[in-house]
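# Structural characterization, general
Residue strings, one per chain:
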Amino acid sequence: MSTETAEVKETKASEALFSKRRKKLISDPLIDDNPITIQVLGICSALAVTTQMQPTLVMAISVIFVMVMANLTISLLRNTIPSRVRIIVQLAVVASLVTLVNEILKAFAYDMYKELSVFVGLIITNCIVMGRLEAFALGNKPYDSVLDGFGSALGYSWIILAVAFFRELLGSGSVFGVEIYDGISSLFGGEFSLATNGLMVSPVGAFIILGLIIWVQRTKTGYVEH
């Protein structure tokens, strides 16, 4: 029995840095177990910050940083955190990281800070962040927790960037502030013009785009909610 235990420990210790199991920690949240389209978490920020690509990209980077560092911190402290105060500790860690992100934006990108300050603060209570800390980081080693946090944040990020791309393109005729519609119109002469859709810059437009993404993804994967 002791020999079998030793063999199991040796196998776990020699697991490759990017083994099949660890790759799934990153790949599963992208499509099969996406936090927005499958778990339906983080919907508020997906609708609120996605009118333009630039603030959405900043929000995505912020969430990736906070999730990776929070998962790493909680995993390192997992054996020292009393069970009865674990939620308070998790909130304190996430709040500290969010405050750091907020101060960096305030110092180096003040216009973006003014645009995103409220929504960056809401990362503290983001169900995706707290859910992964509670469900994974508290019970797994630091490296695996980092991969899990990165995968979940990446899954969240590509969805909000996709929503922002279509909302800015269809609603404003631009992408990252570059006028796409005007450029296309100039190619065909002054009489030809593409009209923007004001619905896309409203929350209703965000719901429509997000719903279409969920429909396409679930059709492709065959996911059925029971």
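Residues numbered from 1 in each chain as written. Predicted model: local features only at pLDDT ≥ 70, side-chain atom pairs only at ≥ 80, totals over all residues. Heavy atoms only, no water.

### Regarding the packing of aromatic side chains
Scanning all chains against the criterion turns up two aromatic pairs. On the basis of an interplanar angle of 80 degrees and a centroid distance of 5.2 Å, the ring pair of Phe 165 and Phe 166 is categorised as edge-to-face. Accessibility expressed as a relative area gives 37% for Phe 166, which makes it partly exposed. (Phe/Tyr/Trp six-rings, centres within 6.5 Å; stacked < 30°, edge-to-face > 60°. Buried < 20%, exposed > 50% of the residue type's maximum accessible area, 1.4 Å probe, protein only.)

### Comments concerning the pattern of salt bridges
Following the criterion strictly, the structure yields five salt bridges and no others. With a closest N to O distance of 3.5 Å, Lys 24 and Asp 28 form a salt bridge. Asp 148 is the salt-bridge partner of Arg 132, the closest N and O atoms lying 2.9 Å from each other. Of this pair, Arg 132 sits in helix H7 (residues 127–135) while Asp 148 sits in helix H8 (residues 142–172), and the two are 16 residues apart along the sequence. The class for Asp 148 is buried, based on a relative accessible area of 3%. The network of salt bridges with shared partners includes Arg 21, Arg 22 and Asp 144. (Salt bridge = Lys/Arg side-chain N within 4 Å of Asp/Glu carboxyl O. Helix = DSSP H or I, 4+ residues; strand = E, 2+ residues; numbered from the N terminus.)

### Some thoughts on the confidence of the model for the chain
Looking at the chain as a whole, its pLDDT mean stands at 84, while 92% of the residues score no less than 70. Per-residue pLDDT, averaged within each element of the chain, yields its smallest value for helix H1 (residues 2–13) (42) and its largest for helix H4 (residues 53–76) (93). Across residues 1–11, confidence stays below pLDDT 50; counting only partners more than four residues off in sequence or on other chains, it has zero contacts. (pLDDT = per-residue confidence, 0-100. Contact = heavy atoms within 4.5 Å.)

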